[in-house]
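Read off the chains here:
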Amino acid sequence: MKFVVIGASAAGTNTVRKLRELNPDAQIVMISEDTAIYSRCILYHHLKGERDLEGLNFVGPDFAERFRVEWIKGVKASGIDTDRNVVLLENGDEVSYDKLCIATGSHPNFFPIPGLREGKNVTGFRNFSDVEFIEERIEQAENIFVLGAGLVGIDVVAGLIKYKKHITIADMAPYMLGIQLDEYSAGVYQEMFAAHNVDQYYNMGVRDFVLNEEGNVYKVILNDGTEIPTDLVVNCAGVRATVEFLEGSKIETDRFGLVFDTHGQTNIPDVYGAGDVSGRGPIWPVAVKEGMIAAYNMSGVEMTMDDFFTSKSTMNFLGLASMSLGKANRYDDSYTEEIFKDPEKKIYKKIVHKDGVITGAILQGDLSYCGVLTQLIRRKIDVSKIKKPLFDVDYSDFFRVKDNFEFLYEKEEEIEVL
């Protein structure tokens, strides 16, 4: 049996791990555009000077040897011929497969704003080559413009602060980290970043990236006409699934990305998918699990991905940690909020619930309650009969400890209400 995996990030490497565990003697081939394995989630640590490339590696330097995988690195897949079970590579080579997993992830989305795609001093922030692009130009760049104030954009800003440059960030959302945080918790970060010479524009898009004679962006014009001098542009305004190479193949994609079911199965029997390539926004732990699920089913062991609890984000900017769980914002008046604030200590806690079920939460400054909240949200546990404040609920309210010290959740009718 010959397994081929396209992609070497969270989903791809964990597909390889599980394939090798389940198939000790099989041939495994991994194809990747990258020449190194690294975590995209912490690329900004390299900008901050906290980690080198080896420090970004989450699988160990001997990954290929340890899992006996043939790694074809530094080359893109250009197509897949499902009639012949062959992956086509950009260098003209072909790689045959018996079972294939597509885990090509995503890439920055360059909107059709004048100058954004053409500017020679414009980069995304998805690959290590993007980090190198920034670091090669940072000393000469006095003014840096970051498009997008989501997690990636704020990662970039946090990594650039140490260089003491004038940084500007703009986003169409009403505040930074608009998917993960609410107005209050985002506002705490906004004040902290403003104190580090970061200008911020929210509810604001870009009209034009103005190019000079050399083809570099030297000025950004916002939708309200504000002009911002710029030496370097980092585009963090979302991502798109990397499925362009599937065009013309028989493998189904939609407007989001690759289509696959809870088994990782695509519409083609021997082709599977995992991770960001779906375009459904899975976070790192989900990409890992999807890779493992795909490996099981590729190996003939039926396994279903039945836990799509993807809305969990942890962040730590400027020394302040925050976590967002479930649906923590953008809800209507039928939901109830429980809020605790300690502005002096920068502690903020919010729990959102409806009909006795917690649907989301935000923790900032104190994440000690995150384990309990994660279980309550994930398992949709009814907390309506609990007499104590929600911020004081703990495992003992719903779980008994088994002999092996694992927590056992009991059915609702068996729960003793405290």
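A brief structural summary. (Residues numbered from 1 in each chain as written. Predicted model: local features only at pLDDT ≥ 70, side-chain atom pairs only at ≥ 80, totals over all residues. Heavy atoms only, no water.)

## Some remarks on the overall build of the chain
For the chain, the helix and strand inventory stands at nine helices and 25 strands. For 418 residues, the compact-globule formula gives about 22 Å, and the C-alpha radius of gyration of the chain, at 23 Å, lands near that figure. C-alpha extents for the chain along the principal axes are approximately 65 × 60 × 35 Å. Taking all 418 residues of the chain together, the buried fraction comes to 54%. Taking all contacts inside the chain whose residues are at least 6 apart in sequence as the whole, residues at least 24 apart take part in 58%. Working note: accessible area of the chain is about 19900 Å², and carbon and sulfur atoms make up 48% of it. Here the chain holds 45 positive side-chain charges and 65 negative ones, and the gap between their average locations is 2 Å. (Helix = DSSP H or I, 4+ residues; strand = E, 2+ residues; numbered from the N terminus. Rg over C-alpha atoms; globule rule 2.2 N^0.38 Å. Buried < 20%, exposed > 50% of the residue type's maximum accessible area, 1.4 Å probe, protein only. Contact = heavy atoms within 4.5 Å. Areas by Shrake-Rupley, 256 points an atom, 1.4 Å probe, with all protein chains shown as cover. Lys, Arg positive; Asp, Glu negative; His and termini not counted. Charge placed at Lys NZ, Arg CZ, Asp CG, Glu CD.)

## Thoughts on the side chain of glutamine 265
Relative to the elements of secondary structure, glutamine 265 occurs in the loop between strand 17 (239–241) and strand 18 (271–273). Reaching out from glutamine 265, the side chain makes a polar contact with the backbone oxygen of proline 269 at a distance of 3.0 Å. Those residues in contact with glutamine 265 that lie beyond four places of it in its chain are Val259, Phe260, Asp270, Val271 and Tyr272. (Polar contact = N/O pair within 3.5 Å; in protein donor to acceptor, adjacent residues only side chain to side chain.)

## A short note on unusual backbone geometry
Phi angles above zero are rare outside glycine, and arginine 68 is one such case at about 50 degrees. Here arginine 68 is to be found in the loop between helix 4 (63–66) and strand 3 (69–73). Since its relative accessible area comes to 48%, arginine 68 is described here as partly exposed. Despite not being glycine, asparagine 203 has its phi angle at roughly 55 degrees, a positive value. Positionally, asparagine 203 belongs in the loop between strand 12 (198–201) and strand 13 (206–211). Judged by relative accessible area, which is 52%, asparagine 203 ranks as exposed.

## Brief notes about the sheet that holds strand 14 (residues 217–222)
Spatial strand order, 13-14-15: three strands in an open sheet with antiparallel pairing. Edge strands, defined here as strands with exactly one partner in the open sheet, are strand 13 and strand 15 (227–229). When the angles between neighbouring strand axes are averaged without regard to direction, this sheet yields 20 degrees. By the bridge criterion, three bridges tie strand 14 to strand 15 in an arrangement that is antiparallel. Directly across from valine 220, in strand 15, lies its bridge partner isoleucine 228. (Pairing = 2+ DSSP bridges. Axes fitted to C-alpha atoms, helices over the stretch in contact; angles between N-to-C directions.)

## Focus: the sheet that holds strand 19 (residues 312–317)
Whether parallel or antiparallel, the strands of a sheet pair through hydrogen bonds between backbone atoms. If you walk across this open sheet you meet the five strands as 19-20-23-22-21, and the pairing is antiparallel. Sheet topology places strand 19 and strand 21 (336–342) at the edges, where each strand pairs with a single neighbour. The sheet shows a mean angle of 10 degrees between the axes of neighbouring strands, direction not considered. Relative to strand 23 (residues 357–364), strand 20 (residues 320–326) runs antiparallel, the two sharing five bridges. Across the sheet, residue serine 324 finds its bridge partner in strand 23, namely isoleucine 362. Docked against the sheet, helix 9 (residues 370–378) engages strand 19, strand 20, strand 22 (347–354) and strand 23, running at close to 155 degrees with respect to strand 23.

## Remarks on the environment of leucine 177
Residue position: leucine 177 is located in the loop between strand 11 (166–170) and helix 7 (183–194). A sequence separation of 25 residues divides leucine 177 from valine 152, and the C-alpha atoms of the two residues are 9.4 Å apart. Once residues within four sequence positions are removed from consideration, leucine 177 is found in contact with Ala149, Gly150, Leu151, Ile154, Tyr189, Met315 and Phe317.

## Considering the nonpolar core
Taken as a class, soluble globular proteins show a tendency for nonpolar side chains to be buried jointly. Counting 45 residues, the largest nonpolar core has Phe125, Val146, Leu160, Met176, Tyr189 and Phe193 as the members making the most contacts within it. Those elements that place two or more of their residues in this core are helix 2 (44–47), helix 5 (128–137), strand 10 (143–147), helix 6 (151–160), strand 11, helix 7, strand 16 (232–235) and strand 19. Here leucine 160 is in contact with Leu47, Ile134, Ile138, Ile144 and Ile167, once residues within four sequence places are set aside. If you look at the next biggest cluster of nonpolar residues, it comprises 26 residues, including Phe3, Met30, Ala64 and Phe67. (Core = buried A, V, L, I, M, F, W, Y, C linked by side-chain atoms within 4.5 Å.)

## Things to note about the packing of aromatic side chains
A complete count under the given rule lists seven aromatic pairs for this structure. Seen in terms of ring centroids, phenylalanine 63 and phenylalanine 67 are 5.0 Å apart; in terms of plane orientation they differ by 40 degrees. Their pairing is tilted. In this structure, phenylalanine 63 and phenylalanine 67 share a single accessibility class: buried. Judged by centre distance (4.6 Å) and plane angle (35 degrees), the rings of tyrosine 184 and tyrosine 348 are tilted. Of this pair, tyrosine 184 sits in helix 7 while tyrosine 348 sits in strand 22, and the two are 164 residues apart along the sequence. Put simply, the rings of Tyr189, Phe193 and Phe317 touch in pairs and so form one group of aromatic residues. Note that lysine 162 overlies the ring of tyrosine 163, its terminal NZ or CZ placed 5.0 Å from the centroid. Positioned above the aromatic ring of tyrosine 184, the side-chain terminus of lysine 341 is 4.3 Å from the ring centre. (Phe/Tyr/Trp six-rings, centres within 6.5 Å; stacked < 30°, edge-to-face > 60°. Lys NZ or Arg CZ within 6 Å of the ring centre and 35° of its normal.)

Structural measurements only, silent on function.
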